[in-house]
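The chain contents come next:
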Amino acid sequence: MVVSLLLLVQAFFSYFQPENAFLAGTYKKILADIAATALTKADIHFNREVVFFEPRQQGPQSPPQITIHTSSGIQQSYDEVVVTTPLGWLKRHKYDAFPSDSPLPPRLLKAIDNTSYGRLEKVYITFPTAFWQKATISSASSTSSSTNSSPTSNSSVPTPSTYPSFTHFFTPEYVPHPPNQPWNQSLVNLAALPASTAHPTLLFYLYGPCGTHLTNALSSIPPSTSLDSPYHTTLRSFFEPYYSRLPNYNASYIPTAFLATNWQLDPHAGYGSYTNFQVGLESGDKDIEVMRSGEGMGEERGIWFAGEHTAPFIALGTTTGAYWSGEGIARRIVALYEDLRIVQKPQDRAELQGELQGKGSDDFSGEKAKKKVLSAEKRDAANASGMAL
Ligand SMILES: Cc1cc2nc3c(=O)[nH]c(=O)nc-3n(C[C@H](O)[C@H](O)[C@H](O)COP(=O)(O)OP(=O)(O)OC[C@H]3O[C@@H](n4cnc5c(N)ncnc54)[C@H](O)[C@@H]3O)c2cc1C
């Protein structure tokens, strides 16, 4: 019974959940496509750091717009502002980036505090040749005739052309590290990518205290490709105990280049990577919902929040989620303006009346406005479950 239930659950997920694809060619093409309209039609200002937001105030004397201040002293005003700075940035600036007499609502501040922000880092290590792959080729070649395995097969059994895509180094006792702190590593084998994108590079993922340790060790060392530079030697001494355990390694395999991220030290990355849920969190779902809704900041004060930390639950912490969250906010703003048009301006109301009648509808009252907001909420709720796709 348990087995058949498991099979049913597996069948359900494999039917409804598409494969988790690895984008070998990077996000470049997707980004070019989704950014095309904005790049053509929008007025985009790069390299401007926003340090302060003046939300819209309620009251007849208050300016209707939202003003943002940049670190270089520029001030600009907008009808609506969507803030997509990372959660880690909000954690650091939730007080100083907003007026003290008009701060973020207490529940939103609490949600920002409650939700934690991870420390994932990446290190790319390139070799003259993918020696680990060669090892697999030679060892697998001897078995390939008997197993008749396909050269492009992605099975867990090594084939002539692929060493496994992922390798994990669990509880490595062969490297010194602080007691009770995991120094585990994961690597992605970029030589196993399709031929046009494959290269002899290992991509290590570091997290938690281990990531912090390496990032701090590199913080005052400039990146360099020189083999005897401090950058190269620091990274080599850290990673050699790991990559030297790959098949066919010998000491003549010296990396030609290292590249390490330092997001934990980057203010614009929010001093970290992306949202995570720490042990002991009590109502993380509510916290995300509060950040996603903006808790009275959007409709009322013209400041909306988007980004991976406000994404539908199924896609928190991902690029897809960040994109969906932006779409969700855009829909809410459009819905709001449609509603304002309906209920606030008589001339627009008349114009809209014509539009709606043209579509066979005669409902253009305030009730219609509420319904529109509700339908936008329904769409967002659908997005929250991931089913809006
Ligand atoms: C190591 C690692 C691996 C990952 N792997 C995956 C993966 O395999 N798949 C996946 O989907 N996701 C992955 N992610 C997560 C993904 O990268 C993020 O979820 C996504 O980039 C978040 O998008 P965002 O727009 O919310 O924030 P960001 O991409 O962080 O964008 C925020 C932007 O705001 C700008 N900014 C910050 N502060 C200011 C300011 N004060 N003024 C003006 N601009 C500012 C920043 O410069 C940045 O451009 C990974 C992340 C890391 C770190």
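The structure reproduced in this document is the subject of the present report. Everything quoted here is computed from the prediction, not taken from an experiment. (Residues numbered from 1 in each chain as written. Predicted model: local features only at pLDDT ≥ 70, side-chain atom pairs only at ≥ 80, totals over all residues.)

1. Observations regarding the pairing of strand β6 (residues 121-126)
Here β6 shows a clear split, with Glu121, Val123 and Ile125 buried on one side and none of Lys122, Tyr124 and Thr126 buried on the other. Two strands pair when backbone bridges link them, and β6 and strand β9 (residues 201-206) are joined in this way by 6 bridges, in the antiparallel orientation. Residue pairing in the sheet places Ile125 in a bridge with Leu202 of β9. With 4 bridges connecting them, β6 and strand β10 (residues 257-260) associate as antiparallel partners. Opposite Thr126, over in β10, you have Ala257 as the bridge partner. (Buried ≥ 20, exposed ≤ 12 C-beta atoms within 10 Å, placed from the backbone. Helix = DSSP H or I, 4+ residues; strand = E, 2+ residues; numbered from the N terminus. Pairing = 2+ DSSP bridges.)

2. Here's the deal with the sheet that holds strand β3 (residues 75-78)
Two modes of strand pairing occur in sheets, parallel and antiparallel, and in both the strands are linked by backbone hydrogen bonds. Within the open sheet, the 3 strands sit side by side as β1-β2-β3. Their pairing is antiparallel. The strands lining the two open edges of the sheet, one partner per strand, are β1 (50-54) and β3. Pairwise comparison of adjacent strand axes, ignoring direction, gives a mean angle of 25 degrees for this sheet. Of the pairings in the sheet, the one linking β1 to strand β2 (residues 66-70) comprises 4 bridges and is antiparallel in character. (Axes fitted to C-alpha atoms, helices over the stretch in contact; angles between N-to-C directions.)

3. Details of the sheet that holds β9
Strand order in the open sheet formed by 5 strands is β7-β8-β9-β6-β10, with antiparallel pairing between adjacent strands. A single partner strand is all that each edge strand has here, and the edge strands are β7 (166-169) and β10. Neighbour-to-neighbour, the strand axes of this sheet turn through a mean angle of 20 degrees, independent of strand direction. Helix α6 (residues 208-218) rests against β6, β9 and β10 of the sheet, and its axis sits at about 110 degrees to β9. On the sheet, helix α7 (residues 230-243) packs against β6, β7, β8 (185-189), β9 and β10 and is oriented at approximately 95 degrees with respect to β10. (Contact = placed C-beta atoms within 7 Å.)

4. Here we look at the site of the ligand
Taken together, 20 residues surround the ligand, and among them Ser273, Gly307, Glu308, Thr318 and Ala322 come closest. Split into classes, the residues belonging to the shell around the ligand amount to 8 nonpolar, 9 polar and 3 charged. (Near = placed C-beta within 6 Å. Nonpolar A, V, L, I, M, F, W, Y, C, P; charged D, E, K, R; others polar.)

5. Some words on the nonpolar core
Leu108, Ala111, Ile112, Met291, Ile303 and Trp304 are the most contacted members of the largest nonpolar core, which has 24 residues in total. For this core, the elements supplying multiple residues, two or more each, are α3 (87-93), α4 (106-114), α8 (284-293), β12 (303-305) and α10 (319-344). If sequence neighbours within four positions are ignored, Leu108 has contacts with Val290, Met291, Glu295 and Met297. Core analysis: the second largest hydrophobic core is formed by 23 residues, Val123, Leu187, Leu206 and Phe238 among them. (Core = buried A, V, L, I, M, F, W, Y, C linked by C-beta atoms within 7 Å.)

6. As for α4
Buried within α4 we find Leu108, Ala111 and Ile112. The arc that holds the buried residues of α4, viewed along the axis, is 100 degrees, so those residues lie on one side. Set apart from the buried face of α4 by more than 90 degrees, the exposed residues are Pro106 and Asp113. The inward-facing, buried residues of α4 abut α3 and α8. (Arc of directions from axis to C-beta.)

7. Quick notes on unusual backbone geometry
Of note in the backbone geometry, Asn47 takes a positive phi value of approximately 55 degrees without being a glycine. As for its placement among the helices and strands, Asn47 is situated in the loop between α2 (28-41) and β1. Positive phi, normally seen in glycine, also occurs at Tyr271, with a value near 55 degrees. Note that Tyr271 resides in the loop between β10 and β11 (275-276).

8. A few points about α7
Helix length check: α7, at 14 residues, gives a terminal C-alpha distance of 19 Å against a target of 20 Å (1.5 Å per residue), a fit within 8%. At Ser237, α7 shows its maximal kink, close to 35 degrees; a proline, Pro241, follows between one and four residues later. Here α7 has its buried residues at His232, Leu235, Phe238, Phe239 and Tyr243. Residues of α7 that are buried sit in contact with β6, β9, α6 and β10. (Expected span 1.5 Å × (residues − 1). Bend = angle between axes of the 7 residues up to and from the residue.)

9. Some words on the packing of α4 against α8
With their axes 9 Å apart at the nearest point, α4 and α8 run at an angle of 125 degrees to one another. By the angle between their axes, α4 is oblique relative to α8. For the pair α4 and α8, the crossing hand works out as left-handed. Counted together, Arg107, Leu108, Ala111, Ile112 and Asn114 of α4 and Asp287, Val290 and Met291 of α8 form the full contact between these two elements. (Parallel < 35°, antiparallel > 145°, perpendicular 65-115°, else oblique. Left-handed = near helix turned anticlockwise from the far one by under 90°.)

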